[in-house]
Amino acid sequence: MRVPSIYANGYEKARAMNPALAATYIAHMRIGDPAADAVMVDLAGLKAAESSRLLRAAMEQKEDILRDAPRSLQDFVNEVATLPAWYDREAAFRGCRVFLENSDQFLMGFAGAAIVEGFSTTISRSFAITGRLIDDGVRRLKQNLRQLLDMFLPRGIEPSGDGWKLTLRIRMVHARARRLIRDSSEWDQDAWGLPINAAHVSLGAVAFSARLLEFATMLGAPLDDEDRAGFMAVWSYAAHLMGVPEALMFHSQAEGLRLFRVATACEPPPDYDAVAMAHCILNSAPVVIGVTEPKSRHAFAQYAFRVSRELVGDALADQLRFPPRRSFLLLPWLRTRGRIARGIVRFFPRLAKARERRSFLHILGLTDLGESSFTYNLPDSVRSDE
């Protein structure tokens, strides 16, 4: 096994924790997504409009169009259109309810910590090369929040659901971007492995699931073991759809956290790309929620940095060059405020219904990309502005 050079030191640390999992993880640094990559090879010779038409037909399972599609795309659709035997629909329903009932904590934990922590790794390098996040951090953050919402609507992650379609769309974009970045002069495969590799896809999935559960709890979401299992039931299937290979799959929070610890141990310290992307995400947060006036936006961004620091910890926050810690801690106040709010609505059912409605409409607003449907256009250049 050839270890990409920037992971050599971290790999030794990870081996001390779990040698078998560390070896499996590093081996997948040189593996992409065989099924999706095969589709990209076959679509490469087609015009953009035809490629988009075939991908739309695949996601909408239009068999009359798919008959003339490349065999790789037909095989891909047949594979992802079948629910795996281990998928637990009842647990997934509970996960959807848990997410919607605690959406404030989950969305804050996602934008303020899970995505920041995920991009503090070398996952950021592919995005930095494309410029896709730096150029339009607001849109990127909205897209991630949109995926979360669509996944956690009841049956949204199941075949033909919007969460299912959007997750597979992201997988196709990853496959095209992997091909473009790999063939560019800016990528050093010996040092970095394959761009958007299977190991990093699995790391992103556990950051957005097992770690997000920890962050939501820190923010005051009252979650029991069945709640956590339900949330992970949705995300395990989402990871499967994203192309996470069986060797790196996880089905519980404990399994996800074990993978997360080994994966992050392999990573080098955050570099300039990671720092820039973390700041881009947190500075985009005010605009996503509608705060655009310069002074108010700056104040809210500083608040976001404070919350993020308390969630991800001082060590990582210092590496990402966040503003220094203040003496007044926000997390205890946020947890107390949440308990008070839950106590009030428990005694006033009408208030609870109104609160749930406002919360759901708020999420819809946060994830509004101004589009009535998904597009299936694929990137045709490494640089997003091209």
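The rules behind each value
Residues numbered from 1 in each chain as written. Predicted model: local features only at pLDDT ≥ 70, side-chain atom pairs only at ≥ 80, totals over all residues. Heavy atoms only, no water. Helix = DSSP H or I, 4+ residues; strand = E, 2+ residues; numbered from the N terminus. Rg over C-alpha atoms; globule rule 2.2 N^0.38 Å. Buried < 20%, exposed > 50% of the residue type's maximum accessible area, 1.4 Å probe, protein only. Contact = heavy atoms within 4.5 Å. Areas by Shrake-Rupley, 256 points an atom, 1.4 Å probe, with all protein chains shown as cover. 1 Å grid on protein atoms, 1.4 Å probe; cavity = no way out; pocket = protein on both sides within 12 Å on 5 of 7 lines; lining within 4 Å. Points joined across faces, edges and corners; volume = space filled by probe spheres on them. Phe/Tyr/Trp six-rings, centres within 6.5 Å; stacked < 30°, edge-to-face > 60°.

Visitor: Can you walk me through the overall build of the protein in this structure?
Guide: Along the backbone of the protein there are 22 helices and zero strands. The C-alpha atoms of the protein give 21 Å as radius of gyration, which agrees with the globular expectation for 386 residues (21 Å, within 12%). Counting only C-alpha atoms and orienting by the principal axes, one finds that the protein spans roughly 60 × 50 × 45 Å. Counting the 386 residues in the protein, one finds 54% classified as buried. Contacts in the protein between residues far apart in sequence, at least 24 positions, make up 76% of those at least 6 positions apart. Working note: accessible area of the protein is about 17,600 Å², and carbon and sulfur atoms make up 53% of it.

Visitor: Can you walk me through empty space enclosed by the protein in this structure?
Guide: Any space left empty among the atoms is revealed by the rolling of a water-sized probe across them. Following the criterion strictly, the structure yields three cavities of 30 Å³ or more and no others. Taken as a whole, the largest cavity spans an internal volume of roughly 390 Å³. Elements with a contribution of two residues or more to the lining of the largest cavity: helix H8 (103-119), helix H9 (123-130), helix H11 (137-151), helix H12 (162-182), helix H14 (198-207) and helix H16 (225-242). The computed volume of the second largest cavity comes to approximately 50 Å³. Looking at the second largest cavity, the residues that line it are Gly32, Asp33, Arg171, His174, Arg178, Ile196, Asn197, Ala198, Val201, Met242 and Gly243.

Visitor: Would you take a moment to explain the packing of aromatic side chains for this structure?
Guide: The description of an aromatic ring pair uses the distance of the two centres, along with the angle that the planes make with each other. Under the defined criterion, the tally for this structure stands at eleven aromatic pairs. When the ring of Phe119 is compared with that of Phe127, the centres are 4.9 Å apart and the planes differ by 80 degrees; the resulting orientation is edge-to-face. Judged by its relative accessible area of 5%, Phe119 falls in the buried class. The buried category is assigned to Phe127, whose relative accessible area is 14%. Within the aromatic cluster, the residues linked to one another by ring pairs are Phe99, Phe106, Phe152 and Phe231.

Visitor: Help me understand unusual backbone geometry in this model?
Guide: Where the residue is not glycine, phi is negative for most of them; where a peptide bond is considered, it is trans in most cases. Not every positive phi belongs to a glycine, and Gln61 is a case in point at roughly 55 degrees. Residue classification places Gln61 among the partly exposed positions, given a relative accessible area of 29%. Of note, the phi angle at Arg321 is positive, near 60 degrees, even though the residue is not glycine. A relative accessible area of 58% means that Arg321 is categorised as exposed.

Visitor: How should I be thinking about the environment of Ser72 in this particular structure?
Guide: With respect to the element layout, Ser72 can be found in helix H6 (residues 71-80). Spatially, the C-alpha atom of Ser72 lies 12 Å from that of Leu55, the residues being 17 residues apart in sequence. The contact partners of Ser72, leaving out residues within four places of it in the chain, are Ala38, Val39 and Asp42.

Visitor: Where do I start with the environment of Gln253 in this structure?
Guide: Relative to the assigned elements, Gln253 resides in helix H17 (residues 253-266). Residues Gln253 and Ala16, spaced 237 residues apart in sequence, show a C-alpha to C-alpha distance of 22 Å. Ignoring anything within four residues of it in the chain, the contact list for Gln253 reads Ala210, Leu213, Glu214, Arg228 and Met232.

Visitor: Sorry, what's going on with the side chain of Ser126 here?
Guide: Its place among the elements puts Ser126 in helix H9. Residue classification places Ser126 among the buried positions, given a relative accessible area of 4%. The residues contacting Ser126, other than those within four sequence positions of it, are Ile181, Trp187, Pro195 and Ile196.

The values are spatial; any link to function lies outside them.
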